[in-house]
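Observations on chain architecture
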Amino acid sequence: MADTLKVNPIDCTGHGVCAELLPELISLDEWGYPIVDPRPVPPVLDREARRAVAACPALALKLMRTEEPARSA
Amino acid sequence: MTTTVNESAPGGAARQAAGLPRLLPASPEDLRGHLARYGATPYRGRTGVLIGDIEASGLTGRGGAAFPVYRKMAIVARSRAGRKVIVANGSESEPASRKDELLLRIAPNLVLDGLQLAAEAVGATEAHLYLHYGPTGEILRALAERASRGLDGIGVTITQAPPRFLAGQETALVNRLGGGPALPTFQPPRVSERGLGGAPTLVQNVETLAHLALIARYGPRWFRAAGTDAEPGSMLTTVYRPDGKCRVVEAEIGAPLRTLLSSGAETAAWLVGGYHGTWLPMPQAVGLTLANDTLKRFEASVGAGVLVALPADRCGLTEAARVTGYLAAESAGQCGPCLNGLPRIAAGLAELAGSGHRRQTRADVERWAGLVTGRGACNHPDGTVRFVRSALTVFSSEISLHARGQCSATNRKPFLPLPDGMPTSEDDWT
């Protein structure tokens, strides 16, 4: 049941909490916005991933079971 | 300013053999002329029936994304929602594109036929026409004539799009029709599942609907007599040749690009697919055809059909920098990477297009391009980066010239069209 981390880029305000809690999968770009590892979250990081999702002040970080989210055409 | 010329009629022997032109009569056609040429709107009598023909035809969206039309139709058709919406998208927010405007002016009834037929096919209860300009006399007259003769299954509401690059993007369109600003939102859900006011919403470009109206009459085999197996049919293109005139040409998909654009010594480079498109080098690109299948080798696509042959007396780097400045200003400013990255990319490109530049500027632009890719709610950062990266490659020797304070251009007059006034406030989104 591999979940993948996704950021809603409109909601994200670049707090950076996610990268602090989950540096294994999330880094920040030079403007402070998260760059998220597109691969499924490995089981050993499952708990940390859920913590990062819960800690996002903008509620912009999600764990998704689906494949790619549809991007606007 | 450029003038738009309809070059789709009458056409040469090869075009006639392929049944072209299909969409554009030589002069504007009123309802009487339309009915004499095509007969009555071929309603199917119930929901769903037409979708099989559309699937068999291979019709894809002509607004730029080339998404299979039947798939969006099928999603809306199978929804059991009490309210379903259809939108004919004529926002044509790409500043270099003029084909939808011309189509709506000279064949409005074909678009409106397509809107009604698609509405019937998906069971739409509400129909909209979303326009870049205010409604023209032709559109208003066509709607009035159709209403007075009871030809339309459902009424059509017209909404004007704000003059912004992203205004025609599906989610921005839905926001605008809902009374809000024309700003994109993050998907999913797709608008075909949950769009205007939560209703399943079918959004199709106006040219797509005109093709659909013809497929409903003549069938998928007729449609496939033009184009390639993988990309059937014809498409409207907006063509700029070195003479500076803007022409709308209905072309068979798969047509050699050199038959649409000039390729001789008067041509510096081609731009295919508009301002989210790709610069192509001459003469390497000269054998390419108007088909995504061949263009993808150059990471290009036909987009909404904007084709440019940049004259040899202009500087492509300067042109690209000017357009990139526009694209950066057109960011909706909602997503951090796009909001921060695009203005930096534009400033970097402007520096490269100036006289002399800092050693690290080109590498900076390339790094920022990588940083914004895939990180927007809509495709604006990705499209902008495609345009910028191809410019860096194709105009590489021009960058070296500018580094030494030189420029190959002998004509400084801007070539690629941009809207007159840049947006200045958030109010411009409505």
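Residues numbered from 1 in each chain as written. Chains lettered and ligands numbered in written order. Predicted model: local features only at pLDDT ≥ 70, side-chain atom pairs only at ≥ 80, totals over all residues.

**Structural notes on the overall build of chain A**
- What chain A contains, in helices and strands, is two helices and four strands.
- Expressed as a percentage of its 73 residues, the buried residues of chain A come to 27%.
- By sequence separation, contacts in chain A at least 24 residues apart represent 60% of the contacts at least 6 residues apart. (Helix = DSSP H or I, 4+ residues; strand = E, 2+ residues; numbered from the N terminus. Buried ≥ 20, exposed ≤ 12 C-beta atoms within 10 Å, placed from the backbone. Contact = placed C-beta atoms within 7 Å.)

**Side note on the overall build of chain B**
- The helix and strand inventory of chain B stands at 17 helices and 10 strands.
- In terms of overall dimensions, chain B is globule-like: its C-alpha atoms have a radius of gyration of 21 Å, near the 22 Å expected for 430 residues.
- Principal-axis analysis of the C-alpha atoms gives chain B an extent of 70 × 50 × 35 Å.
- Here chain B holds 430 residues, and the buried ones make up 53% of them. (Rg over C-alpha atoms; globule rule 2.2 N^0.38 Å.)

**Points about the pairing of strand β6 (residues 234–240) of chain B**
Residue and element names in this part refer to chain B.
- By the criterion of burial, β6 is predominantly enclosed, with seven of the seven residues buried.
- Burial along β6 is two-sided: the residues S234, L236, T238 and Y240 and M235, T237 and V239 are all buried.
- Where β6 meets strand β7 (residues 246–252), seven bridges bridge the pair, whose relative direction is antiparallel. Each bridged residue has a counterpart across the sheet, and for Y240 the counterpart in β7 is C246.
- Here β6 folds back onto β7 in antiparallel fashion, the turn holding five residues, of which G244 has a positive phi close to 90 degrees.
- Of the pairings in the sheet, the one linking β6 to strand β10 (residues 306–311) comprises three bridges and is parallel in character. Its bridge partner being in β10, V239 is matched across the sheet by L307. (Pairing = 2+ DSSP bridges.)

**A few points about unusual backbone geometry**
- The omega angle of the peptide bond from L20(B) to P21(B) is 0 degrees, so this bond is cis rather than trans.
- Note that P21(B) resides in the loop between α1 (13–17) and α2 (31–38).
- A positive phi angle, close to 55 degrees, is found at L59(A), a residue other than glycine.
- Taking the number of C-beta atoms within 10 Å as the measure of exposure, L59(A) has 11 and is therefore exposed.
- Residues other than glycine seldom take positive phi values, yet A66(B) does so here, at roughly 55 degrees.
- Judged by C-beta crowding, with 19 C-beta atoms within 10 Å, A66(B) ranks as partly exposed.

**Examining helix α9 (residues 206–218) of chain B**
Residue and element names in this part refer to chain B.
- With 13 residues, α9 should cover 18 Å at 1.5 Å per step; its first-to-last C-alpha distance of 19 Å lies within 8% of that length.
- Judged by how many residues are buried, α9 sits mostly within the fold: 11 of 13 residues are covered.
- Buried within α9 we find V206, E207, T208, L209, A210, H211, L212, A213, L214, I215 and A216.
- Just downstream of α9 lies G219, where phi reads positive at about 90 degrees. (Expected span 1.5 Å × (residues − 1).)

**Some details on the sheet that holds strand β5 (residues 201–205) of chain B**
Residue and element names in this part refer to chain B.
- Spatial strand order, β4-β3-β2-β5: four strands in an open sheet with parallel pairing. Two strands close off the open sheet at either side, each with one partner strand: β4 (156–160) and β5. Each neighbouring strand pair of the sheet contributes to a mean axis angle of 20 degrees, computed without reference to strand direction.
- As paired strands, strand β2 (residues 85–90) and β5 are joined by five bridges and run parallel to one another. Each bridged residue has a counterpart across the sheet, and for N89 the counterpart in β5 is N205. (Axes fitted to C-alpha atoms, helices over the stretch in contact; angles between N-to-C directions.)

**Remarks on the packing of helix α13 (residues 316–329) of chain B against helix α14 (residues 336–352) of chain B**
Residues and elements named next belong to chain B.
- α14 packs onto α13 with a crossing angle of 160 degrees between their chain directions and a minimal axis gap of 9 Å. As summarised for this structure, α13 and α14 are arranged roughly antiparallel, according to the angle between their axes. Of the two elements, α13 crosses α14, and the hand of that crossing is left-handed. Every residue of α14 that contacts α13 at L317, A320, A321, T324, G325, L327 and A328 is listed here: L342, P343, I345, A346, L349, A350 and L352.
- Looking at side-chain class alone, the contact of α13 with α14 contains 12 nonpolar, two polar and no charged residues. (Parallel < 35°, antiparallel > 145°, perpendicular 65-115°, else oblique. Left-handed = near helix turned anticlockwise from the far one by under 90°. Nonpolar A, V, L, I, M, F, W, Y, C, P; charged D, E, K, R; others polar.)

**Topic: the domain arrangement of chain B**
Residues and elements named next belong to chain B.
- Here the domain parsing of chain B yields domain 1 (18–224), domain 2 (236–311) and domain 3 (316–414).
- One C-alpha centre belongs to domain 1, the other to domain 2, and the line joining them spans 26 Å.
- Sorting elements by how many residues they give to the side of domain 1 that touches domain 2 places helix α5 (residues 99–106) first, with three residues.
- Residues belonging to the side of domain 1 that touches domain 2 are distributed by class as follows: nine nonpolar, three polar and six charged. (Domains from an automatic or database assignment.)

**Some words on the nonpolar core**
- M73(B), L103(B), V111(B) and A118(B) are the most contacted members of the largest nonpolar core, which has 129 residues in total.
- Ranked by residues supplied to this core, first place goes to helix α6 (residues 108–122) of chain B with nine residues.
- Judged by nonpolar contacts, the second largest core, of 15 residues, contains A19(A), L22(A), V41(A) and A49(A). (Core = buried A, V, L, I, M, F, W, Y, C linked by C-beta atoms within 7 Å.)

**A closer look at the pairing of strand β9 (residues 278–281) of chain B**
Residues and elements named next belong to chain B.
- Taken together, the four bridges between strand β8 (residues 267–272) and β9 define a ladder with antiparallel strand orientation. For W270, the partnering residue across the bridge sits in β9 and is L280.
- The hairpin turn running from β8 into β9, its antiparallel successor, is five residues long, and G273 in that turn takes a positive phi close to 95 degrees.

**Focus: the environment of A52(A)**
Residue and element names in this part refer to chain A.
- Here A52 shows up in helix α2 (residues 46–55).
- Residue classification places A52 among the buried positions, given that 25 C-beta atoms sit within 10 Å.
- On a C-alpha basis, the gap between A52 and V17 in space is 7.3 Å, while along the polypeptide they are 35 residues apart.
- Setting aside chain neighbours within four positions, we find A52 in contact with C18, L21, L22, I26 and L61.

**Topic: the packing of α6(B) against α9(B)**
Residue and element names in this part refer to chain B.
- Two numbers describe how α6 lies on α9: the axes approach to 7 Å, and their chain directions differ by 75 degrees. As judged from the angle between their axes, α6 and α9 are roughly perpendicular. Where α6 abuts α9, its residues L110, V111, D113, G114, L115, L117 and A118 lie against V206, L209, A210, L212, A213 and A216.
- Of the residues that constitute the contact of α6 with α9, the class distribution is 11 nonpolar, one polar and one charged.

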